[in-house]
Amino acid sequence: MRWLTDDAGRRWSAERVGRTSGMVPAKKTKNAFPEPADIIRFECASDRSEQAREVTARAGLLEQLTETELRALLNVAPRAP
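Residues numbered from 1 in each chain as written. Predicted model: local features only at pLDDT ≥ 70, side-chain atom pairs only at ≥ 80, totals over all residues. Heavy atoms only, no water.

Asker: Can you help me understand the nonpolar core in this one?
Answerer: As a rule of thumb, soluble globular proteins bury nonpolar side chains together. In this structure, Leu 4, Ala 14, Ile 40, Phe 42, Leu 70 and Leu 73 are the most contacted members of the largest nonpolar core, which totals 14 residues. At the level of elements, strand E2 (11–19), strand E3 (37–44), strand E4 (53–58) and helix H1 (67–76) are the ones that each hand at least two residues to this core. Residues contacting Phe 42, with those up to four places away along its chain left out, are Leu 4, Trp 12, Ser 13, Ala 14, Ala 52, Arg 53, Val 55, Leu 70, Leu 73, Leu 74 and Ala 77. (Core = buried A, V, L, I, M, F, W, Y, C linked by side-chain atoms within 4.5 Å. Buried < 20%, exposed > 50% of the residue type's maximum accessible area, 1.4 Å probe, protein only. Helix = DSSP H or I, 4+ residues; strand = E, 2+ residues; numbered from the N terminus. Contact = heavy atoms within 4.5 Å.)

See the structure below:
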C-alpha cells in the first residue's frame, strides 16, 4: 500500500487489488496479446464521503511508481462500483 496527497490536499491510499489476465484485448491487434495489468484501488482516508476509485496500470510493483505517476492515475481513475 502507498499513500499520496491529491491536488486538493486529501490523503489517499493506493493498493493493488488484482491483476487482469491480459487475454482479452482492449483493442484489436493482429498477433500480440495484451500484457496483464494491475488493478489499483484508491481510497480517500481524509474524506470518507469521497467514493473509492479504481484504474488499471502496467503490471509491476506499486512501489516502483512515483507519487506523480500515482497522482496522475488517481486523476483519471473512475469511481469504483
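On we go.
Asker: Which parts of the structure should I look at to understand the pattern of salt bridges?
Answerer: Pairing between side chains of opposite charge can happen when the charged atoms of each approach one another. For the structure shown, the criterion picks out 9 salt bridges. One salt bridge in this structure joins Glu 50 and Arg 79, with 3.3 Å as the shortest N-O distance. Of this pair, Glu 50 sits in the loop between E3 and E4 while Arg 79 sits in the segment after H1; the two residues are 29 residues apart in sequence, bridging distant segments of the chain. (Salt bridge = Lys/Arg side-chain N within 4 Å of Asp/Glu carboxyl O.)

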